[in-house]
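# Survey of secondary and tertiary structure
Residues per chain are reported as follows:
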Amino acid sequence: MDHSSDIRATFFQECEELVEALNDGLNEIDETIEEGLAEPETVNAVFRAVHSIKGGAGAFKLETLVRFAHHFETTLDALRAGRIQPDAALLLLFHRAADHLSDLLAAARDGIDPDPEGGAELISLLAAFTGAEEEESSEGEAEDFGFVPLTLSFDSEPAGAGSGCYEILFSPTRALYANGHDPSVLFRVLGDLGQVKARLDRSRLPAFDALDWQESWLDWTLTLTTDEPEHQIDEVFEFVEGLCTLEIRALDEAPPGLPPLPDPGPTVKLEAEPRPLAAPPPKARPAEGEDSAEKKAAAPRATVRVELDRVDRLINVVGELVINQAMLSQCVQDAGIPTRSAVRSGLDDFKSLAREIQESVMAIRAQAIKPLFQRMSRIAREASDIAGKQVRLVTEGEATEVDKTVIERLADPLTHMIRNAVDHGIESAEARRAAGKPETGCITLSAAHRSGRVLIEVADDGGGINRPKVKQIAAGKGLIAEDAELSDAEIDMLLFLPGFSTSTVVSDLSGRGVGMDVVKSAIQALGGRVSISSTPGQGTVFSISLPLTLAVLDGMVVDVAGQTMVVPITAIVETLRPQPQDVHFLGSGAQVVTIRGAFVPIIDLGAAFGHRPPVRDFSQRVLMLVENEQQKQCALVVDAIFDQRQVVIKGMENGYGRIPGIAAATILGDGRIALIIDPDEAVGSVSGLGDP
């Protein structure tokens, strides 16, 4: 077993979390940019993320990554110290630096040699904000790992009255330096809490000939006079926990019999530069006896890293378990075993356990959509630079959990949609000023759970879809007839036709006629749907509806003209047997049913799938009232309802391609295959109420 490879893999996994924390912090600072302020703890979190990445990269000798992270960290340190103030230009630079840092990590992870000059421009810009000159390391010189010189002055003043006094014994290990940590940074942060006096202990330092340069030989004794509570001191060192020997004790609470400290002689006072952003706000201690629930909630939850292939195998096994459970139930039913028998009772328990196992396993695969949304922030920044527009991306519902497979396959469609919103949706700054809008356009990317599905929306506040122009271009390309009469919704859906593009010039963003048709195909491959809603002058909303998981769903098993099919239960509002007077026939051959005073279209699934002619007598049939994403209702005609059960989804695209109105297939308890109906698509293909 290659332990170095395991450690390296763990480092890159941790870097993914650090990059996520970095982007989170930058986004939080973005929200307060108009006030020219930033929360100290947020800035510290951003700094720590970059510092940790640099430290780990130094341990693996990733020099290009270390060098760039050092310059990034130096500028962040200037922000912490209050030497520079956050503004829009600085935050944009920080976002670009975070993107480049992510690229360097990806290159290092994949074993690709990064371009050493790739971040030269960013380094120059970062240095310009701090007024520092770019540091060049020539061959043979030691790499600069960012040790910041301290400002020292002699001090022998006594502790201030009314302040607490603590003695801190700090002895770093070699692992602390190997991870790129710098004790001087810790001492500076301590200086933000109060008055610090430091004494260096060199007693362990060996002779030069016996010196191991990789070992840590220096210790410090620090005396801190502060009004802050002790847990604030603990927080300063929590980042190096396990990498040093640390002892903190209040001087007025020293254990009895402790020998007096030797005379330190002259001491030095660490005078940190003014850091209005670095000192975290004091936290009140909980009252004695107070419930510690808040503390428990704040503690990090234990996690375990598991390879995705292992989870996939587990999900496949659970799927087979659900199928076997259904087969056992069918066998027990066919054998005529009484309902109250021990076999039926045990089988019911087995069914409940199988369902609980399935839900627990699916929860393992469920992941927050946040990392994907963070990637889209970068796409929006790059697209706005190419288009020469000012665009701001706002994300909502980042905590929404989706199956990991869905998240991975959503990256390309969302990339196309974000670029399309920047290039076509958001107007130029001049056009926005003329329309009375802010020069900076806004794109909102949101996610939410809706009726057992995931709804993702990409909304912009641009000019909306120019429908006359879209229709004219589609007719000019031969995609529709010149005299075609189309509704607004049908014109909008022309954007998804292959080869359609409103751009007259080929650019880095668009103009080749490839994009939105790829989006629709990718979404449909996930069992989802995409729709458009646009208001001229106000903007456009692209809505993506996806299943929560690609493995298992709850469905209603029905009979459609002698064929056993499954309707997803999340789409069903209610079932009913209509009275003859409630059914009305229209002149075009269409039928509607009256439900609580409203007329609802009737869709005969047997006729829609070509199994029989349309029926006109519904006395022996069942109507299933379903609702699509646009909140429109239809009544599906089925011959009978057999059962409600959990079914395992089996994709059909690889073997049969895409079948209109059919989402997937499943295996029933008797071994037969049943098709899973996509109600929205089935309704739309017949009535035009769904997506074309």
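Residues numbered from 1 in each chain as written. Predicted model: local features only at pLDDT ≥ 70, side-chain atom pairs only at ≥ 80, totals over all residues. Heavy atoms only, no water.

By the naming in an unreviewed UniProt entry, the chain goes by Chemotaxis protein CheA and is assigned to Cereibacter changlensis. The Catalytic activity (unreviewed entry) field of the UniProt record for the chain holds the comment "ATP + protein L-histidine = ADP + protein N-phospho-L-histidine." (UniProt positions renumbered as here; feature names shortened; annotations may be inferred.)

### Brief notes about the overall build of the chain
What the chain contains, in helices and strands, is 20 helices and 24 strands. Across the 692 residues of the chain, 43% fall into the buried class. The long-range share in the chain, meaning contacts at least 24 apart out of those at least 6 apart in sequence, stands at 71%. With the model as given, the accessible surface of the chain reaches about 36,500 Å², and the carbon-plus-sulfur share is 52%. (Helix = DSSP H or I, 4+ residues; strand = E, 2+ residues; numbered from the N terminus. Buried < 20%, exposed > 50% of the residue type's maximum accessible area, 1.4 Å probe, protein only. Contact = heavy atoms within 4.5 Å. Areas by Shrake-Rupley, 256 points an atom, 1.4 Å probe, with all protein chains shown as cover.)

### With respect to the packing of aromatic side chains
Counted under the stated rule, the structure contains 8 aromatic pairs. Seen from their ring centres, Phe 170 and Phe 187 are 5.9 Å apart, and the 80° between their planes marks the pair as edge-to-face. A residue pair is termed long-range when its members are at least 10 positions apart, and Phe 170 in strand β2 (residues 164-172) and Phe 187 in helix α7 (residues 183-193) qualify at 17 residues. The buried category is assigned to Phe 187, whose relative accessible area is 4%. Taking the centre distance of 5.4 Å and the plane angle of 70° together, the rings of Phe 187 and Trp 220 count as edge-to-face. With Phe 187 in helix α7 and Trp 220 in strand β4 (residues 219-226), this residue pair connects regions lying 33 residues apart in the sequence. Every member of this aromatic cluster is reached through a ring pair, and the members are Phe 170, Phe 187, Trp 220 and Phe 237. Above the face of the Phe 47 ring, Arg 80 is positioned so that its terminal group lies 4.0 Å from the ring centre. The positively charged end of Arg 616 is found above the aromatic ring belonging to Phe 585, 4.2 Å away from the centroid. (Phe/Tyr/Trp six-rings, centres within 6.5 Å; stacked < 30°, edge-to-face > 60°. Lys NZ or Arg CZ within 6 Å of the ring centre and 35° of its normal.)

### A short note on the pairing of strand β18 (residues 591-595)
Counting buried positions along β18 gives 4 out of 5 residues, so the element sits mostly inside the fold. Linking strand β17 (residues 583-585) back to β18 in an antiparallel pair, the connection comprises 5 residues, with Gly 589 at a positive phi of about 95°. Pairing of β18 with strand β19 (residues 598-604), which is carried by 4 bridges, proceeds in the antiparallel orientation. The residue bridging Val 593 from the neighbouring strand is Val 600, located in β19. Counting the residues between successive antiparallel strands, the hairpin from β18 to β19 contains 2 residues, one of them, Arg 596, with a positive phi of roughly 50°. (Pairing = 2+ DSSP bridges.)

### Concerning the environment of Asp 201
Along the chain, the position of Asp 201 falls in strand β3 (residues 194-201). On the basis of relative accessible area, Asp 201 is assigned to the partly exposed category, the value being 31%. With residues up to four places along the chain from it excluded, the contact list for Asp 201 reads Trp 217, Leu 218 and Asp 219.

### Considering the sheet that holds strand β14 (residues 552-560)
Spatially, the 5 strands line up as an open sheet ordered β22-β14-β15-β24-β23, and their pairing is mixed. In the strand order of this sheet, the two ends are held by β22 (640-648) and β23 (662-667), each with one partner. When strand polarity is set aside, the average angle formed by the axes of neighbouring strands in this sheet is 35°. Sheet topology note: the strand β15 (residues 563-568)/strand β24 (residues 673-677) ladder contains 2 bridges and is parallel. Paired with Met 565 across the strands is Leu 675, a residue of β24. Sheet strands in contact with helix α10 (residues 308-334) are β22 and β23, and its direction is about 150° off that of β22. (Axes fitted to C-alpha atoms, helices over the stretch in contact; angles between N-to-C directions.)

### What to know about the packing of helix α2 (residues 40-59) against helix α3 (residues 63-81)
When two helices pack together, their arrangement is given by the angle between their axes and by how far apart the axes lie. It is at 9 Å that the axes of α2 and α3 come closest, and there the two elements cross at 160°. Relative to α3, the element α2 is oriented roughly antiparallel. α2 and α3 meet at a crossing whose hand is left-handed. Facing Val 43, Asn 44, Val 46, Phe 47, Val 50, His 51, Ile 53, Lys 54, Ala 57 and Gly 58 of α2, the residues of α3 in contact are Leu 65, Val 66, Ala 69, His 70, Phe 72, Glu 73, Leu 76, Asp 77, Leu 79 and Arg 80. Per-class residue counts for the contact of α2 with α3 are 12 nonpolar, 4 polar and 4 charged. (Parallel < 35°, antiparallel > 145°, perpendicular 65-115°, else oblique. Left-handed = near helix turned anticlockwise from the far one by under 90°. Nonpolar A, V, L, I, M, F, W, Y, C, P; charged D, E, K, R; others polar.)

### A word on helix α4 (residues 88-109)
Residues that lie three or four places apart on an α-helix share one face, since the helix turns once every 3.6 residues. Compared with the 32 Å implied by 1.5 Å per residue over 22 residues, the 32 Å span of α4 between its first and last C-alpha is a close match. Directly beyond the C-terminal end of α4, a positive phi value near 75° is found at Gly 111. (Expected span 1.5 Å × (residues − 1).)

### Observations regarding the sheet that holds β18
With respect to topology, 6 strands assemble into an open sheet ordered β16-β20-β21-β19-β18-β17, the strand pairing being mixed. Where the open sheet ends on each side, the last strands, each with one partner, are β16 (572-576) and β17. Looking at each pair of strands side by side, their axes are set apart by 35° on average, direction ignored.

### A few points about the pattern of salt bridges
Under the counting rule described, the total for this entry stands at 27 salt bridges. Among the salt bridges present, the one from Asp 77 reaches Arg 83, with a minimum N-O distance of 3.9 Å. By relative accessible area, which is 10% here, Asp 77 ends up buried. With a shortest N-O distance of 2.9 Å, Lys 437 and Glu 427 are connected by a salt bridge. Of this pair, Lys 437 sits in the loop between α14 (429-434) and β10 (441-450) while Glu 427 sits in the loop between α13 (404-425) and α14, and the two are 10 residues apart along the sequence. Each member of the pair Lys 437 and Glu 427 is classed as buried. (Salt bridge = Lys/Arg side-chain N within 4 Å of Asp/Glu carboxyl O.)

### Thoughts on helix α8 (residues 230-237)
Those residues of α8 not exposed but buried are Gln 232, Ile 233, Val 236 and Phe 237. Each buried residue of α8 lies within a common arc of 140° when the element is viewed along its axis, so the set occupies one face. Each element contacted by the buried residues of α8 is listed here: β2, α7, β4 and β5 (244-250). (Arc of directions from axis to C-beta.)

### Structural notes on the nonpolar core
Membership of the largest hydrophobic core comes to 47 residues, with the highest contact counts inside it found for Leu 410, Leu 414, Ile 443 and Ile 456. The leading source of residues in this core is α13, at 9 residues. Residue contacts for Leu 410: discarding those within four places in its chain leaves Ile 369, Leu 372, Ile 456, Ile 523, Leu 526 and Leu 546. Membership of the second largest hydrophobic core comes to 39 residues, among which are Phe 11, Ile 29, Ile 84 and Leu 90. (Core = buried A, V, L, I, M, F, W, Y, C linked by side-chain atoms within 4.5 Å.)

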